[in-house]
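# Coordinates in review
Here are the chains, one letter per residue:
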Amino acid sequence: MSANRTTFATMPDGSLVEELTLCAGPLRCSILTYGGAVRSLVVPDRDGNPVDVVLGFDSLEDYQAQTCYIGALIGRYGNRIGGAKFTLNGVEYSLFVNNSPNHLHGGAVGFDKQNWTVESLTDNQVVLSLVSPDGQENYPGTLTVTVTYTLTREGLSIAYRATTDADTLCNLTNHSYFNLSGHNSGSVAEQTISIAAQCYTPTDAGSIPTGEIASVAGTPMDLRTPVAIGAHWDDDFPQLVMAGGYDHNWVLDGQPGQLRCVATAHSPATGITMEVHTTTPGMQFYSGNFVEGCPAGKGSAHYFPRCAFALETQNFPDAPHHDNFPSAVLKPGDVYQEETVYKFV
């Protein structure tokens, strides 16, 4: 193996889980083949000191034991599908219920729990692939996926590509948890967030969108200007009360399909600022409300609720049940293609 390709663990079937380390100037990132997980992302603080800004674990067993999808690629359908079923071409498909009564992040054995194949590797880029066979998690069609991680001096790009041999659903994302003060630094309450979105999709008590596309104006969901993440997460606002904080999909400004800046986060402690650029129509901002029961993190770090946040670029949750949401149907001959860049400025 090359210097930036090492064995992390061995799967029960004997296959190797590899750790792939990318470097670009002062930035350093490691990716696991298990779940395609971003295990570390090291960037300089205002004084040039290295800071690892994503949550992760030191063993495969810990990745398998945790239930928060930390760092992982998510598919076939990121986020929730209400009632764990959908209808496509007149056929109803029942999915695994893992967020009762709903289907979450691809089901029992989603893309986060599979060992991806390394297609190519350079000093600053790795291409991973996965073939999800027809009927896996009861989704129709064989879905062939490649995900390209590219690290530059500016940040980390994650580019998704997928094709299918039959009509299916496809909505891919990455579930990295960020703490811009360092993965082991505690609460993110004082870190700031802004999201370029005039609207969001309200949910019911089960976090399933109602179908409404609501204005953020005059609510704690208005993040168009920077605000401390913890400033309103306990407000007596029904959407926040039901979700235990922020855990919603924002309808992003700009043209879907075009890479544009949709969010900015900042740590006053380290001076690290991260922009999120994406081609997707939506993004789930999750304030880590239920990060609990996890094994110890890297270096025995203690992870707990609200110690990190996720910015999951995506199609809208439960899109198959809402005709006014962007379609998540992928057809043979079409190509699912999205990109997200976590840029440090």
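Note that the coordinates shown come from a computational prediction; the quantities given were computed from them, not determined experimentally. (Residues numbered from 1 in each chain as written. Predicted model: local features only at pLDDT ≥ 70, side-chain atom pairs only at ≥ 80, totals over all residues. Heavy atoms only, no water.)

### Concerning the sheet that holds strand E17 (residues 177-178)
Taken together, six strands build an open sheet; the order of strands is E17-E26-E25-E22-E19-E20 and the sheet is antiparallel. Edge positions in the sheet fall to E17 and strand E20 (214-215), since each has one partner strand and no second. Inspection of the sheet shows strand E19 (residues 199-201) paired to strand E22 (residues 247-251) by three bridges, in the antiparallel sense. In the strand pairing of E22, Cys199 is matched with Val251. (Pairing = 2+ DSSP bridges. Helix = DSSP H or I, 4+ residues; strand = E, 2+ residues; numbered from the N terminus.)

### Some thoughts on the sheet that holds strand E1 (residues 5-10)
Pairing within the open sheet is antiparallel, and its five strands lie in the order E1-E2-E3-E4-E5. One side of each edge strand has no neighbouring strand; the edge strands of this open sheet are E1 and strand E5 (50-52). In this sheet, neighbouring strand axes are inclined to one another by 20 degrees on average, regardless of whether the strands run parallel or antiparallel. Pairing between E1 and strand E2 (residues 16-24): five bridges, direction antiparallel. Looking at the pairing, Ala9 lines up with Val17 of E2. (Axes fitted to C-alpha atoms, helices over the stretch in contact; angles between N-to-C directions.)

### Things to note about the side chain of Asp247
Secondary-structure assignment places Asp247 in strand E22. Despite being buried, Asp247 has no salt bridge partner; Arg80 is the closest side chain of opposite charge, sitting 4.2 Å away. Side-chain polar atoms of Asp247 contact the side chain of Gln284, separated by 2.9 Å. Excluding its chain neighbours within four sequence positions, the residues that come into contact with Asp247 are Arg80, Gln284, Phe285, Tyr286 and Asn289. (Buried < 20%, exposed > 50% of the residue type's maximum accessible area, 1.4 Å probe, protein only. Lys, Arg positive; Asp, Glu negative; His and termini not counted. Salt bridge = Lys/Arg side-chain N within 4 Å of Asp/Glu carboxyl O. Polar contact = N/O pair within 3.5 Å; in protein donor to acceptor, adjacent residues only side chain to side chain. Contact = heavy atoms within 4.5 Å.)

### Remarks on the side chain of Ser40
With respect to the helices, strands and loops of the structure, Ser40 is situated in strand E4 (residues 38-44). One polar contact links Ser40 to Ser30, side chain to side chain, over a distance of 2.8 Å. Those residues in contact with Ser40 that sit more than four places away from it in its chain are Arg28, Cys29, Ser30, Asp52, Val54 and Lys298.

### Side note on the nonpolar core
In terms of nonpolar packing, the biggest core is built from 64 residues, with Val53, Tyr149, Ile195, Trp250, Phe285 and Phe309 touching the most fellow members. At five residues, strand E13 (residues 143-151) tops the list of elements feeding residues into this core. The next biggest cluster of nonpolar side chains, apart from the first, holds 22 residues, and it includes Tyr34, Leu60, Tyr286 and Val291. (Core = buried A, V, L, I, M, F, W, Y, C linked by side-chain atoms within 4.5 Å.)

### As for the layout of surface pockets
By volume, the largest pocket amounts to about 370 Å³. Taken together, 19 residues form the lining of the largest pocket, with Arg80, Leu104, Asp247, Tyr286 and Phe290 sitting closest to its centre. If you list the elements that add at least two residues to the lining of the largest pocket, you get helix H2 (238-243) and strand E25 (282-286). Approximately 230 Å³ is the volume attributed to the second largest pocket. Along its surface, the second largest pocket is lined by 14 residues, and Cys170, Asn315, Ser327, Tyr336 and Glu338 are the ones closest to its centre. Sorting the residues of the lining of the second largest pocket by element identifies strand E27 (329-330) and strand E28 (336-344) as the ones contributing at least two each. Here the residues of the lining of the second largest pocket are counted per class, giving eight nonpolar, four polar and two charged. (1 Å grid on protein atoms, 1.4 Å probe; cavity = no way out; pocket = protein on both sides within 12 Å on 5 of 7 lines; lining within 4 Å. Points joined across faces, edges and corners; volume = space filled by probe spheres on them. Nonpolar A, V, L, I, M, F, W, Y, C, P; charged D, E, K, R; others polar.)

Any link to function would need more than the numbers given here.
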